[in-house]
Amino acid sequence: MKIPRLPPLLLVLILAITMLVLDSASPLFRVLQPPIAYLGAVPVALGVLIVLISAGLFRLRRTTINPFGEPAVMVQDGFYRLSRNPMYLGMLLVLTGVGLWLGNVLALLLAPAFVAIMSRWYIVREEQLLEDRFGEVYRAYRSRVRRWL
């Protein structure tokens with residue numbers, strides 16, 4: 001199966017728009033109402049912050065954030081001490097926050113779908129790239145830091 005070369009942020013945008021459409025089409029599945037639903041802003045803000053800080057570390061280390069590119073170095077500090085994929089974790093927080101903000105169970109189900117898509121389409125390939133490029137250094141990192149959190 002050929003894996004789409006869709007940028008992860010575009011996937012997040014597509015899923016967020018799909019969440020809005022699902023919410024409009026299925027208002028009966030809204031389980032949270034304002035002001036409680038507005039707490040969804042917290043994971044959105046936290047997710048954006050994690051993505052920006054983590055991407056900034058890649059920029060500082062002069063390596064690509066492009067999941068289809070060749071990594072120049074292996075980033076292991078910052079949020080990368082806690083998660084091998086903090087940018088994806090941040091994106092998941094954004095989607096979870098959008099689902100909570102909408103208060104719609106169907107919309108919220110797209111957050112775990114994001115995890116499945118990222119794991120299958122992106123992370124497995126990236127992990128193989130890192131292992132091929134950095135060998136034992138990556139294997140040691142992988143053994144001590146979890147994939148998501």
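Here the structure is shown first, and the text comes after it.
Each residue is numbered by its place in its chain's sequence as written, counting from 1. For this predicted model, a pLDDT threshold of at least 70 governs which residues receive local features, and a threshold of 80 or more governs which side-chain atom pairs are given and counted, while totals over whole chains, interfaces and linings are taken from all residues. For side-chain calculations, the full set of non-hydrogen atoms in the structure is used, while hydrogens and water are omitted.

Peer 1: What's the story with the nonpolar core in this structure? I'm lost.
Peer 2: Note on soluble globular proteins: their nonpolar side chains tend to be buried together. To form a nonpolar core, buried Ala, Val, Leu, Ile, Met, Phe, Trp, Tyr and Cys residues must be joined to one another through side-chain atoms within 4.5 Å. Any residue under 20% of the maximum accessible area for its type is buried, any over 50% is exposed, and the rest in between are partly exposed; the area is computed with a 1.4 Å probe on protein chains only. Met19, Tyr88, Leu95, Phe114, Met118 and Trp148 are the most contacted members of the largest nonpolar core, which has 22 residues in total. The secondary structure listing takes helices from DSSP runs of H or I that are at least 4 residues long and strands from runs of E that are at least 2 residues long, numbered from the N terminus. In terms of residue count, the dominant contributor to this core is helix H3 (residues 86-102) (seven residues). Those residues in contact with Tyr88 that sit more than four places away from it in its chain are Pro8, Pro67, Phe114, Met118, Tyr122, Ile123, Glu126 and Trp148. Grouped together as the second largest cluster of nonpolar side chains are eleven residues, Ala55, Phe58, Tyr80 and Phe134 included. Should any heavy atoms of two residues lie within 4.5 Å, those residues are considered in contact.

Peer 1: Sorry if this is basic, but what is going on with the packing of helix H5 (residues 110-134) against helix H6 (residues 136-144) here?
Peer 2: A pair of packed helices is characterised by two quantities: the angle between their axes and the separation of those axes. Simply put, an axis is a line fit to the C-alpha atoms, just over the touching stretch for a helix, and the angle between two N-to-C directions goes from 0 to 180 degrees. Axis separation between H5 and H6 bottoms out at 6 Å; the angle between their running directions is 135°. Between H5 and H6, the angle falls in the class oblique. Touching Glu127, Leu130, Glu131 and Phe134 of H5 are Glu136, Val137, Tyr138, Arg139 and Arg142, all from H6. Residue classes in the contact of H5 with H6 are distributed as four nonpolar, no polar and five charged. Any angle that falls under 35 degrees is termed roughly parallel, while one over 145 is termed roughly antiparallel, one within 65 to 115 roughly perpendicular, and all others oblique. Residues are sorted three ways: Asp, Glu, Lys and Arg are charged, Ala, Val, Leu, Ile, Met, Phe, Trp, Tyr, Cys and Pro are nonpolar, and all the rest, Gly among them, are polar.

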